[in-house]
Amino acid sequence: ILMYNLAYSLERTGNIPGAEATYRKILKIDPFNQIAQYNLGMLFLKTGKYNESLKMFLKLKKENPGNTLYAYNVSSVYLRMGNLDKAREKLIEI
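Residues numbered from 1 in each chain as written. Predicted model: local features only at pLDDT ≥ 70, side-chain atom pairs only at ≥ 80, totals over all residues. Heavy atoms only, no water.

**Quick word on the environment of Leu10**
Then, in step 1: By the secondary structure assignment, Leu10 is in helix H1 (residues 2–12).
Then, in step 2: The exposure class of Leu10 is buried, given its relative accessible area of 18%.
Then, in step 3: With 12 residues separating them along the chain, Leu10 and Thr22 place their C-alpha atoms 8.7 Å apart.
Then, in step 4: The contact partners of Leu10, leaving out residues within four places of it in the chain, are Asn15, Ile16, Gly18, Ala19 and Thr22. (Helix = DSSP H or I, 4+ residues; strand = E, 2+ residues; numbered from the N terminus. Buried < 20%, exposed > 50% of the residue type's maximum accessible area, 1.4 Å probe, protein only. Contact = heavy atoms within 4.5 Å.)

Okay, structure coming up:
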(Lines give C-alpha, C1' and ligand atoms only; values in the text may rest on other atoms or scores of the structure.)
Protein backbone atom coordinates (compact mmCIF):
# COMPACT_ATOMS: atom_id res chain seq x y z
CA ILE A 1 0.00 0.00 0.00
CA LEU A 2 2.88 2.37 0.71
CA MET A 3 4.30 1.96 -2.78
CA TYR A 4 0.86 2.53 -4.30
CA ASN A 5 0.46 5.73 -2.26
CA LEU A 6 3.92 6.85 -3.37
CA ALA A 7 3.11 6.20 -7.04
CA TYR A 8 -0.18 8.05 -6.76
CA SER A 9 1.48 11.01 -5.00
CA LEU A 10 4.24 11.16 -7.60
CA GLU A 11 1.67 11.18 -10.37
CA ARG A 12 -0.40 13.90 -8.69
CA THR A 13 2.65 16.14 -8.21
CA GLY A 14 3.69 15.77 -11.84
CA ASN A 15 6.54 13.31 -11.44
CA ILE A 16 5.27 11.05 -14.21
CA PRO A 17 8.52 9.08 -14.69
CA GLY A 18 8.68 8.43 -10.94
CA ALA A 19 5.05 7.33 -10.84
CA GLU A 20 5.52 5.01 -13.81
CA ALA A 21 8.63 3.47 -12.27
CA THR A 22 6.85 2.93 -8.96
CA TYR A 23 3.79 1.33 -10.59
CA ARG A 24 6.17 -0.97 -12.48
CA LYS A 25 7.91 -1.92 -9.22
CA ILE A 26 4.55 -2.78 -7.69
CA LEU A 27 3.78 -5.01 -10.65
CA LYS A 28 7.14 -6.78 -10.37
CA ILE A 29 6.23 -7.67 -6.80
CA ASP A 30 2.57 -8.38 -7.53
CA PRO A 31 1.94 -8.88 -11.27
CA PHE A 32 -1.81 -9.26 -10.73
CA ASN A 33 -2.31 -6.03 -8.79
CA GLN A 34 -5.30 -4.63 -10.64
CA ILE A 35 -5.09 -1.20 -9.03
CA ALA A 36 -1.50 -0.72 -10.19
CA GLN A 37 -2.32 -2.13 -13.64
CA TYR A 38 -5.30 0.19 -13.99
CA ASN A 39 -3.44 3.28 -12.78
CA LEU A 40 -0.47 2.54 -15.02
CA GLY A 41 -2.82 2.07 -17.97
CA MET A 42 -4.44 5.42 -17.19
CA LEU A 43 -1.04 7.06 -16.79
CA PHE A 44 -0.04 5.74 -20.22
CA LEU A 45 -3.31 7.01 -21.68
CA LYS A 46 -2.83 10.48 -20.18
CA THR A 47 0.74 10.73 -21.47
CA GLY A 48 0.00 9.53 -25.00
CA LYS A 49 1.57 6.09 -24.65
CA TYR A 50 -1.43 4.52 -26.32
CA ASN A 51 0.10 1.17 -27.24
CA GLU A 52 1.24 0.58 -23.67
CA SER A 53 -2.13 1.69 -22.34
CA LEU A 54 -3.95 -0.62 -24.73
CA LYS A 55 -1.79 -3.59 -23.67
CA MET A 56 -2.54 -2.90 -20.02
CA PHE A 57 -6.31 -2.57 -20.48
CA LEU A 58 -6.52 -5.59 -22.79
CA LYS A 59 -4.72 -7.62 -20.12
CA LEU A 60 -7.11 -6.38 -17.43
CA LYS A 61 -10.12 -7.06 -19.67
CA LYS A 62 -8.91 -10.60 -20.38
CA GLU A 63 -8.36 -11.30 -16.68
CA ASN A 64 -11.74 -9.72 -15.76
CA PRO A 65 -14.11 -10.29 -18.70
CA GLY A 66 -17.16 -9.02 -16.82
CA ASN A 67 -15.61 -5.70 -15.84
CA THR A 68 -17.15 -3.09 -18.12
CA LEU A 69 -14.76 -0.35 -16.97
CA TYR A 70 -11.80 -2.19 -18.47
CA ALA A 71 -13.73 -2.79 -21.69
CA TYR A 72 -14.67 0.90 -21.82
CA ASN A 73 -11.03 1.88 -21.34
CA VAL A 74 -9.99 -0.37 -24.24
CA SER A 75 -12.53 1.51 -26.36
CA SER A 76 -11.22 4.85 -25.10
CA VAL A 77 -7.66 3.99 -26.08
CA TYR A 78 -8.74 2.99 -29.57
CA LEU A 79 -10.62 6.29 -29.82
CA ARG A 80 -7.52 8.26 -28.82
CA MET A 81 -5.53 6.29 -31.38
CA GLY A 82 -7.99 7.43 -34.03
CA ASN A 83 -9.32 3.93 -34.67
CA LEU A 84 -13.04 4.75 -34.54
CA ASP A 85 -14.20 1.40 -35.93
CA LYS A 86 -12.32 -0.55 -33.26
CA ALA A 87 -13.50 1.84 -30.54
CA ARG A 88 -17.10 1.39 -31.64
CA GLU A 89 -16.68 -2.40 -31.84
CA LYS A 90 -15.37 -2.54 -28.26
CA LEU A 91 -18.21 -0.35 -27.00
CA ILE A 92 -20.77 -2.64 -28.60
CA GLU A 93 -19.18 -5.59 -26.77
CA ILE A 94 -19.97 -3.93 -23.44
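So that's the structure; there's more coming.
**A word on the packing of helix H4 (residues 50–63) against helix H5 (residues 68–80)**
Then, in step 1: Where H4 contacts H5, the axes come no closer than 9 Å and their chain directions differ by 160°. Judged by the inter-axis angle, H4 sits roughly antiparallel to H5. Handedness of the H4/H5 crossing: left-handed. Within the contact between the two elements, H4 uses Tyr50, Ser53, Leu54, Phe57, Leu58, Leu60 and Lys61 and H5 uses Tyr70, Ala71, Asn73, Val74, Val77, Tyr78 and Arg80.
Then, in step 2: Looking at side-chain class alone, the contact of H4 with H5 contains 10 nonpolar, 2 polar and 2 charged residues. (Axes fitted to C-alpha atoms, helices over the stretch in contact; angles between N-to-C directions. Parallel < 35°, antiparallel > 145°, perpendicular 65-115°, else oblique. Left-handed = near helix turned anticlockwise from the far one by under 90°. Nonpolar A, V, L, I, M, F, W, Y, C, P; charged D, E, K, R; others polar.)

**Brief notes about the pattern of salt bridges**
Then, in step 1: The tally for this structure, following the rule as stated, stands at 8 salt bridges.
Then, in step 2: In this structure, Glu63 and Lys59 form a salt bridge, with 2.9 Å as the shortest nitrogen-oxygen distance. Here Glu63 and its partner Lys59 are both found in helix H4, 4 residues apart, which amounts to about one turn of the helix.
Then, in step 3: With a relative accessible area of 33%, Glu63 lands in the partly exposed category.
Then, in step 4: Among the ionic pairs, Arg88 bridges to Asp85, the shortest N-O distance being 3.3 Å. Of the two residues, Arg88 and Asp85 both sit in helix H6 (residues 84–93), 3 residues apart, roughly one turn of that helix.
Then, in step 5: Judged by relative accessible area, Arg88 falls into the partly exposed class, the value being 49%.
Then, in step 6: Through salt bridges with shared partners, a single ionic network connects Glu20, Arg24 and Lys49. (Salt bridge = Lys/Arg side-chain N within 4 Å of Asp/Glu carboxyl O.)

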